[in-house]
Amino acid sequence: TKDIKLIRDVRLLDKLVIIDGLGRSGKSMISPILASFENVEIERFDPIFETIPILASFGKISKDAAIQILQAEVDMKLYESMIGRNTNFRFKDHSSVFNNPFKLEYLKRIFGKDGKVIVEKILNIKPVFQMVVHDTLMHIDIYFEAFGENVYIIEMVKNPIDLIYSWYIRGWGGRFTTDPRVACFTYQSNVGIAPCHNLYIDGEYNELKPMDRIIHLIEGIFLNAFKNYDEMEDKKKKQIL
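Quantities reported herein were computed from a predicted structural model and do not represent experimental measurements.

Peer 1: Honestly, the packing of helix H7 (residues 160-169) against helix H8 (residues 210-230) in this entry has me stumped. Any pointers?
Peer 2: Two numbers describe a pair of packed helices, the interaxial angle and the distance between the axes. Running from N to C, H7 and H8 cross one another at 135 degrees; their axes reach a closest spacing of 10 Å. By the angle class used here, H7 and H8 are oblique. Considering only the axes of H7 and H8, their crossing is right-handed. Residue-level contacts link Pro 160, Leu 163, Ile 164, Trp 167 and Tyr 168 of H7 to Pro 210, Met 211, Ile 214, Ile 215, Leu 217, Ile 218, Ile 221 and Phe 222 of H8. Its residues placed into classes, the contact of H7 with H8 shows 13 nonpolar, no polar and no charged.

And the structure:
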């Protein structure tokens, strides 16, 4: 059965907007602004949306499996949003219902119907699903294969000096391998456990001081992300802002 090709030919999604960029680059600023537009759903943060592209690019999961997982997860998350399931009601979060101008609509969804009537509603009004990811531009090709012309990427770019300072203040010179809240993939390097970003830098993560780790990680992510962008066909570039 390992040779079967996975194909999913049903779809709820009409348009997908991906907010991407390095951590601390302004994603949490732009996503609530987009969610204030009519028919744009509150942004979703879910590690699977950034880990599946990494697994596919590393050959740890087949391309057809990665595509089907992304398609199914987006459709399911959109459906859940439309019925108020797994929606963020934590008051202080910027992705919270309470920080959205359509909060009453999201509250009403909790008490509404589910099932076929919601499927018909989605297909009729075509809501825009919005997700926030980290460092995905270098692996973005799988999204084009999964969603084609229906995916749009907003890439947040910030002065790397500001990013380096912000990362250092928040402890990102060591948190990738020590903080259990961090969902970044790690692997066994020559001298210990290292974040997968280490594969894109010169030098060994575990032999660098915290500030040098951050400088090299940010440089590696920047260079690989824009290398992938530069090599894209113009048609795809038009879907990226």
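Peer 1: Even after reading the chapter, I still don't get the side chain of Glu 41, so can you show me in this structure?
Peer 2: In this structure, Glu 41 sits in the loop between helix H1 (27-35) and strand E2 (44-45). On the basis of relative accessible area, Glu 41 is assigned to the buried category, the value being 3%.

Peer 1: What's the story with helix H2 (residues 48-57) in this structure? I'm lost.
Peer 2: Taken residue by residue, H2 has Phe 49, Glu 50, Thr 51, Ile 52, Pro 53 and Ile 54 as its buried positions. If you follow the buried residues of H2, they end up packed against helix H3 (63-82), strand E3 (128-132) and helix H6 (141-147). Once H2 ends, the next one or two residues include Gly 59, with phi positive near 75 degrees.

Conventions adopted
- Residues numbered from 1 in each chain as written.
- Predicted model: local features only at pLDDT ≥ 70, side-chain atom pairs only at ≥ 80, totals over all residues.
- Heavy atoms only, no water.
- Axes fitted to C-alpha atoms, helices over the stretch in contact; angles between N-to-C directions.
- Helix = DSSP H or I, 4+ residues; strand = E, 2+ residues; numbered from the N terminus.
- Parallel < 35°, antiparallel > 145°, perpendicular 65-115°, else oblique.
- Left-handed = near helix turned anticlockwise from the far one by under 90°.
- Contact = heavy atoms within 4.5 Å.
- Nonpolar A, V, L, I, M, F, W, Y, C, P; charged D, E, K, R; others polar.
- Buried < 20%, exposed > 50% of the residue type's maximum accessible area, 1.4 Å probe, protein only.

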